[in-house]
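Spelled out, the chains give:
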Amino acid sequence: MAIVAPSLLAANFLHLEEECRMLDGSGADWFHLDVMDGRFVPNISYGQMVIEFMRRTTKKPFDVHLMILEPEKYAEEFRKAGADHLIVHYEACPNLHRNIEQIKSLDMKASVAINPHTPVVLLSDILQDLDTVCVMSVNPGYGAQKFIPHTLSKIRELRKLIDNWNLPVLIEVDGGVTVENAKDIIAAGADVLVAGNTVFRSKDPVDTIRQLRDIKVSKGI
Ligand code: DX5
Ligand code: ZN
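Worth saying up front: this structure is predicted, and the values here are computed from it rather than measured.

*Asks:* Help me understand the nonpolar core, please; the structure alone is not making it clear to me.
*Replies:* A general feature of soluble globular proteins is that nonpolar side chains tend to end up buried together. Core analysis: the largest hydrophobic core is formed by 70 residues, its most contacted members being Leu8 and Val64. When residues of this core are assigned to their parent elements, the largest contribution, five residues, is made by helix α5 (residues 151-164). Apart from residues lying up to four places away in sequence, Leu8 is in contact with Phe13, Leu16, Cys20, Leu23, Phe31, His32, Leu33, Tyr46, Met54 and Phe200. Formed by five residues, the second largest nonpolar core is a distinct cluster that contains Ile87, Cys134, Met136 and Val138.

Quick look at the structure:
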């Protein structure tokens with residue numbers, strides 16, 4: 001069964017509390033929270049203050065995706081706001097190992113995201129230090145984009161690396177995930193599905209989350 005992490009970027013922010021409570025009562029495993037700085041990505045979203053409010057609505061893990069430069073400046077603040085997992089971008093961290101050590105020292109799970117153009121093999125000397133790799137299946141910055149099909153071969157390659165070394169690292173896939181393509185994504189080796197528009201724009205978000213969780217395939221095809 002896949003871990004499902006709905007992305008609040010697609011939520012109705014006028015009814016944020018309602019949206020959070022809906023997720024809390026649903027089968028969603030994690031809350032995926034997208035932080036954008038208008039520098040690493042062209043868009044600006046929300047930050048620690050909003051996350052702190054969301055934290056009051058649920059005890060589910062907060063999977064905080066930092067699409068920002070210099071994430072080390074803010075790691076502690078996001079921990080205080082309620083982050084359980086911190087995702088930093090490979091492309092934003094020239095001293096990535098130091099970022100990972102910092103995240104762990106703050107008692108959070110450490111994850112690295114790679115953009116569509118970043119090869120999986122660049123993670124080979126950091127993989128053993130990670131809890132999760134987030135494979136971006138769109139260019140980060142916006143919701144509601146189309147899944148880039150080449151991502152599937154990146155997921156397969158990463159699955160092989162992780163399995164060959166017998167590492168307990170999860171593969172998360174972020175961007176353009178739908179109920180239709182989720183089967184192929186899981187079959188390629190993904191453990192965690194992030195879904196924004198697929199969940200929040202559906203008629204019945206709770207049922208859509210259930211459908212994503214219920215997809216069963218044998219991995220490694
Ligand atoms: C994109 C974000 C994603 C986004 C996914 O930059 O990292 O988490 O919210 O949205 P959908 O599922 O709509 O592509
Ligand atoms: Zn994200």
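From this point, things continue past the structure.
*Asks:* Looking at this structure, I do not really get the site of ligand 1. What am I missing?
*Replies:* Taken together, 20 residues are adjacent to ligand 1, and Ser7, Gly141, Asp174, Gly196 and Asn197 come closest. Within the contact set of ligand 1, an oxygen atom lies 3.2 Å away from a side-chain nitrogen or oxygen of His65. Here an oxygen atom of ligand 1 and a side-chain polar atom of Asp174 are 2.7 Å apart. Within the complex, 99% of the 380 Å² of free accessible area of ligand 1 lies under protein. Among the elements of the structure, β2 (31-36), β3 (62-67) and β8 (192-195) are those that each provide at least two residues to the shell around ligand 1. It is β2 that contributes the most residues to the shell around ligand 1, three residues altogether.

Conventions used here
Residues numbered from 1 in each chain as written. Chains lettered and ligands numbered in written order. Predicted model: local features only at pLDDT ≥ 70, side-chain atom pairs only at ≥ 80, totals over all residues. Heavy atoms only, no water. Core = buried A, V, L, I, M, F, W, Y, C linked by side-chain atoms within 4.5 Å. Buried < 20%, exposed > 50% of the residue type's maximum accessible area, 1.4 Å probe, protein only. Helix = DSSP H or I, 4+ residues; strand = E, 2+ residues; numbered from the N terminus. Contact = heavy atoms within 4.5 Å. Near = heavy atom within 4 Å. Polar contact = N/O pair within 3.5 Å; in protein donor to acceptor, adjacent residues only side chain to side chain. Areas by Shrake-Rupley, 256 points an atom, 1.4 Å probe, with all protein chains shown as cover.

Read these as geometric descriptors, not functional statements.
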